[in-house]
Amino acid sequence: MPDSGLEGLLRELSPQVLGALVRRYGHFDLAEDATQEALLAAATQWPGEGLPDNPRAWLITVASRRLTDLLRAEQARRRREDTVVQWTLPEEHLAPAADRRAADSDDTLILLFLCCHPSLSPASQIALTLRVVGGLTTAEIARAFLVPESTMTRRISRAKTGIKTSGVPFGMPPEADRAARLDTVLHVLYLIFNEGYASTSGPDLVRSELSAEAIRLARIVHRLLPDDSEVTGLLALMLLTDARRPARTAPDGTPIPMSEQDRSRWNSEYITEGVALLSEALPHGPTGQFQIQAAIAALHDEAPRAEETDWPQIEALYELLLRLSDNPVVSLNHAVAVGMARGAREGLAALEKLDDRISGDHRFHAARAHLLEMAGEDAEAVESYVEAARRATGLPHQRYLHGRAARLRES
């Protein structure tokens, strides 16, 4: 098997193996260590020996043996009777074997629920999800979020400790909590995707490894919950948005506005799949935020030229989204849609009504600059572009905004 194929298989199996071990034995930290060692053994042995008949069972068997060794070592360090009683070796369990798949079950969704436990901060939820379910190393996660590896190590350790001390059992949340917990899972995946698609800091606009990982995890959740319309809507939204990634940046990394992008470079396969998923989701169940956002993305993607974008329909969809969410970014996007559908002056009037939660954000000033430029108010537009650049935290956005201001000055 090619190295890329083996890497993909191990990444897919990693959360299933870890979930099987945690479900049977507990001990989240030790189970993760054992899983990583089993994956390393597979990466070393399988290229020369060939794939076993049941790769998942092979990994679980190796990980279980290693977990036994780790637990015995832990017992040797903790001889006090009240501690030893809490540790149970795998061979002493009466539960079903870890590699027995009840009804071909997959514990990945349970792991996602565990990583997105509401007691954890959003930053911890994201880090733990990428580490445990995504299979990224701590160094990779730290690099993606531009923090020292030691900082990310502490963040992930605190998250694991938080789960351990919470006493949450490994299993699906109670029915009464499941919808809220699923909302948290989807929100975390959405945050991961957004940070990859439009980085909030650092030298690069796009971190494709994060957006690709978010799409991969969303596909897993969709496979496990195919009838959930919001899960389907989130996957559709990611695909329809990521379809534009190849045309989003200039060779120097500067953002290219959607209206100026070469649409022939958009990923047509992602657009086709995203539209099909959206068509599948909308008729079933309540229409949620991700489905509406996916519908907006589809309208952008299906327009042959920027001038043919159905802005009145986009404005209407944002109005519907506002009924479901008081997110200030939604309000900002709605104001821009108003300007595109009804004229720059009306868009500017809508902007002025926004509250302080967004008026200090660089996106507010960038949108204001764009609408002022549309209205022919070049001097005020330059001021807003400069202010947006001052407030932007990402270098690509700063370069783009200063460039727009410079071009207006020269015109």
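Please refer to the structure placed before this passage.
All figures in this text were calculated on a predicted structure; none of them were measured in a lab. (Residues numbered from 1 in each chain as written. Predicted model: local features only at pLDDT ≥ 70, side-chain atom pairs only at ≥ 80, totals over all residues. Heavy atoms only, no water.)

Novice: Would you explain the environment of Glu273 in this entry?
Specialist: Structurally, the position occupied by Glu273 is in helix α12 (residues 268-281). Those residues in contact with Glu273 that sit more than four places away from it in its chain are Arg219 and Leu239. A distance of 2.6 Å separates the side chain of Glu273 from the side chain of Arg219, its partner in a polar contact. (Helix = DSSP H or I, 4+ residues; strand = E, 2+ residues; numbered from the N terminus. Contact = heavy atoms within 4.5 Å. Polar contact = N/O pair within 3.5 Å; in protein donor to acceptor, adjacent residues only side chain to side chain.)

Novice: Hey, could you run me through the pattern of salt bridges in this one?
Specialist: Pairing of side chains with opposite charge becomes possible as their charged atoms draw close. Within this structure, the stated rule accounts for 20 salt bridges. Arg342 is the salt-bridge partner of Glu315, the closest N and O atoms lying 2.4 Å from each other. Here Arg342 lies in helix α15 (residues 328-342) and Glu315 lies in helix α14 (residues 311-324), a separation of 27 residues in the sequence. Arg342 sits in the partly exposed class, given a relative accessible area of 45%. Among the charged side chains, a salt-bridge network with shared partners connects Arg11, Glu213 and Arg216. (Salt bridge = Lys/Arg side-chain N within 4 Å of Asp/Glu carboxyl O. Buried < 20%, exposed > 50% of the residue type's maximum accessible area, 1.4 Å probe, protein only.)

Novice: Just checking my understanding: could you explain the side chain of Gln291 for this structure?
Specialist: Locating Gln291 in the fold gives a position in helix α13 (residues 289-302). Judged by its relative accessible area of 0%, Gln291 is buried. In terms of polar contacts, Gln291 uses its side chain to reach the side chain of Glu230, at 3.1 Å. Beyond its immediate sequence surroundings of up to four residues, Gln291 is in contact with Ser229, Glu230, Gly233, Leu278, Ala281, Leu282 and Pro286.

Novice: It is not clear to me how the nonpolar core should be interpreted in this structure. Could you clarify?
Specialist: Side chains of a nonpolar character, in soluble globular proteins, are inclined to be buried together. Core analysis: the largest hydrophobic core is formed by 92 residues, its most contacted members being Leu21, Leu59, Leu128, Val132, Leu189, Ile192 and Met238. The dominant element in this core, judged by the number of residues it contributes, is helix α1 (residues 3-25), at 10 residues. Those residues within four positions of Leu128 in sequence are excluded, and the remaining contacts are Cys115, Leu120, Val133, Ile156, Ala159, Lys160 and Ile163. Counting 24 residues, the second largest nonpolar core, distinct from the first, contains Leu351, Leu354, Ala388 and Tyr400. (Core = buried A, V, L, I, M, F, W, Y, C linked by side-chain atoms within 4.5 Å.)

Novice: What exactly am I supposed to notice about the environment of Ala294 here?
Specialist: In this fold, Ala294 is placed in helix α13. Along the backbone, Ala294 and Gly274 are 20 residues apart, and their C-alpha atoms lie at a distance of 8.0 Å. Contact partners of Ala294, with chain neighbours within four places excluded, come to Gly233, Ala236, Leu237, Leu240 and Leu278.

Novice: Got a minute to help me understand the side chain of Ser331 in this structure?
Specialist: Counting through the fold element by element, Ser331 comes out in helix α15. According to the relative accessible area criterion, Ser331 is buried, its value standing at 19%. Beyond its immediate stretch of four places on either side in the chain, Ser331 contacts Leu322 and Leu354.

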